[in-house]
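Notes for the structure review
Below, each chain spelled out in residue letters.
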Amino acid sequence: MSSLVDGVPSKPDVSDASVMSPWNPTTPMCPRPWCSITGNVPANRQHRPKTQSVTILGGAQDVRTGPPEAARINRYRVPGSGTVIRVSDRRSRNHHPEEIAGRRRIWEIVELLGPQETGRNRYISIAGVEDGWKVISKMQVRGAPAIAIVGCLSLAVEIYNETFITKQMFKQEIEGKLNYLVSARPTAVNMKLAADDLIGMVNDWVEKSVISVTEIKERFIHEIEAMLEKDISNNMAIGTFGAERILKDVPSGSSLQLLTHCNTGSLATAGYGTALGVIRKIFDQNRLEHVFCTETRPYNQGARLTAYEFVHDKIPATLVLDSMVASLFKSRKIAAVVVGADRVASNGDTANKIGTYQIAVVAKHHAVPFYVAAPSTSIDFEISEGDRIEIEQRPDREMTHIGEHRIAAPGIRCWNPAFDVTPANLITGIITEKGVFAPNDIRKLLELQ
């Protein structure tokens, strides 16, 4: 593994890296956006690099043009909170990325740090389901797609070296642990849907007498690993469909200004992002004049994570307070709002980070289109309307403290819901990997699956 000195890894020689980023053709990177290589990538062996380790990043993009220090930091770590997932193979060091993934013993994610430690990080080892549950519950990993991926991978790590005598034993083990992971943060639906899908697959495999319990376990781990690439592919499609839709309302050749809320980028997904994927796509087409991001109190994902992604990608952006949105709409010509989603009900009502609802209300008043960008895995067709979505309540301390420093008067009561629900009638369109749908047409997705 790369050495860490004061939280910063030693700088590798990447001068021979010749594989280009799929969303920035001028950017050298690994063949897969979530796979960062330590060492040189020979041109004739791009898929079998000479590596000392493989770092699975939660889509944190590889190095764009910028100072060497930025390159050194981002290749292996991302300041602040995020889904930086690193594979550590303690036994073998010279394998194809997929081979290393199949031999993993441990996954690591970067820990959330307080504002007093901005620019520094440390890795947390994820040795099993209990660790996975904790980092999700404590929001050391966040973003609905990333929650599902890290949660499921924590189970893959736990069962990798376990031996199961019977198929029924394996089935009971994974079913209980997947349901436990779902309980870590109940509002985000991706973890629940992933758990349901995996449990359904195992049930089907168990019923087939020709499949051994060992093969079932191997298939199960493979399905979890495939979630990484699928999420990135979905996000790229979301970016394309969203950019096309938003740019339709803008005069040909002219640029536009956007607003986003919370973090929906590489640090909330396996890579590229949902709402930030749309913004990236518009930026890559040279049609983005400026984007505004809200701080997103009380956890400040916008200030810490989204702002970091914009600065790193050199996307023209300005940070605003959550309470400034109405004034922003009045004083600036905002072409559209694009946000993510933690759960979308079958009628189009959308649960997302707290503060989304009020932005939608203000956008409606100012006739600003309001878009939700989310993969189909964030849509819960079993819930009829937003009022039925369970809203997670977070600890008071997230409001009263920043790190170890109290900022609220001692003794004050707090109400701290993590999410709110935006009614479908305030949403212009829901952008998915299958296309853009009016909220009342979202059930058409079922026909495309």
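The structure reproduced in this document is the subject of the present report. Nothing here was measured: the structure is a model prediction, and the numbers come from that model. (Residues numbered from 1 in each chain as written. Predicted model: local features only at pLDDT ≥ 70, side-chain atom pairs only at ≥ 80, totals over all residues. Heavy atoms only, no water.)

Re the packing of aromatic side chains
One pass over the structure, following the stated rule, counts three aromatic pairs. Here Phe-164 and Phe-170 contribute two aromatic rings whose centre-to-centre distance is 5.0 Å and whose plane-to-plane angle is 90 degrees, an arrangement assigned as edge-to-face. Feature note: the residues Phe-164, Phe-170 and Phe-220 constitute an aromatic cluster, connected by ring pairs. A cation over an aromatic ring shows up here: Lys-353 above the ring of Phe-419, its NZ or CZ 4.9 Å from the ring centre. (Phe/Tyr/Trp six-rings, centres within 6.5 Å; stacked < 30°, edge-to-face > 60°. Lys NZ or Arg CZ within 6 Å of the ring centre and 35° of its normal.)

Points about the nonpolar core
By size, the foremost hydrophobic cluster in this structure holds 43 residues, and its most contacted members are Phe-170, Leu-178, Met-191 and Phe-220. Going through the elements one at a time, strand E9 (123-126), helix H3 (129-137), helix H4 (144-160), helix H5 (167-182), helix H6 (189-207) and helix H7 (213-248) are the ones with two or more residues in this core. The dominant element in this core, judged by the number of residues it contributes, is H4, at eleven residues. Not counting the four nearest positions on each side in its chain, Phe-170 is found in contact with Ile-159, Phe-164, Val-202, Val-213, Ile-216, Lys-217 and Phe-220. (Core = buried A, V, L, I, M, F, W, Y, C linked by side-chain atoms within 4.5 Å. Buried < 20%, exposed > 50% of the residue type's maximum accessible area, 1.4 Å probe, protein only. Helix = DSSP H or I, 4+ residues; strand = E, 2+ residues; numbered from the N terminus. Contact = heavy atoms within 4.5 Å.)

Here's the deal with the sheet that holds strand E16 (residues 370-373)
Here we have seven strands laid out as an open sheet, ordered E12-E11-E10-E13-E16-E21-E22, and mixed in their pairing. The open sheet has two edge strands with one neighbour each: strand E12 (317-320) and strand E22 (435-437). Each adjacent strand pair in this sheet contributes to an overall mean axis angle of 25 degrees, direction not counted. Two strands pair when backbone bridges link them, and strand E21 (residues 429-432) and E22 are joined in this way by three bridges, in the antiparallel orientation. Paired with Ile-430 across the bridge in E22 is Phe-437. Together, strand E10 (256-260), strand E11 (288-294), strand E13 (336-339), E16 and E21 form the strand contacts of helix H8 (residues 275-284), whose direction differs from that of E10 by roughly 165 degrees. Relative to E11, helix H9 (residues 301-313) is tilted by about 160 degrees, and along the sheet it contacts E10, E11 and E12. (Pairing = 2+ DSSP bridges. Axes fitted to C-alpha atoms, helices over the stretch in contact; angles between N-to-C directions.)

With respect to the packing of H4 against H6
Helix-helix packing: each pair is described by the crossing angle between the helix axes and the interaxial distance. For the pair H4 and H6, the least separation of the axes is 8 Å and the interaxial angle reads 40 degrees. The angle between H4 and H6 places the two elements in the oblique class. The two elements H4 and H6 cross, and the hand of that crossing is right-handed. Judged by residue contacts, Ala-144, Pro-145, Ile-147, Ala-148, Gly-151 and Cys-152 of H4 engage Asn-190, Met-191, Ala-194 and Leu-198 from H6. (Parallel < 35°, antiparallel > 145°, perpendicular 65-115°, else oblique. Left-handed = near helix turned anticlockwise from the far one by under 90°.)

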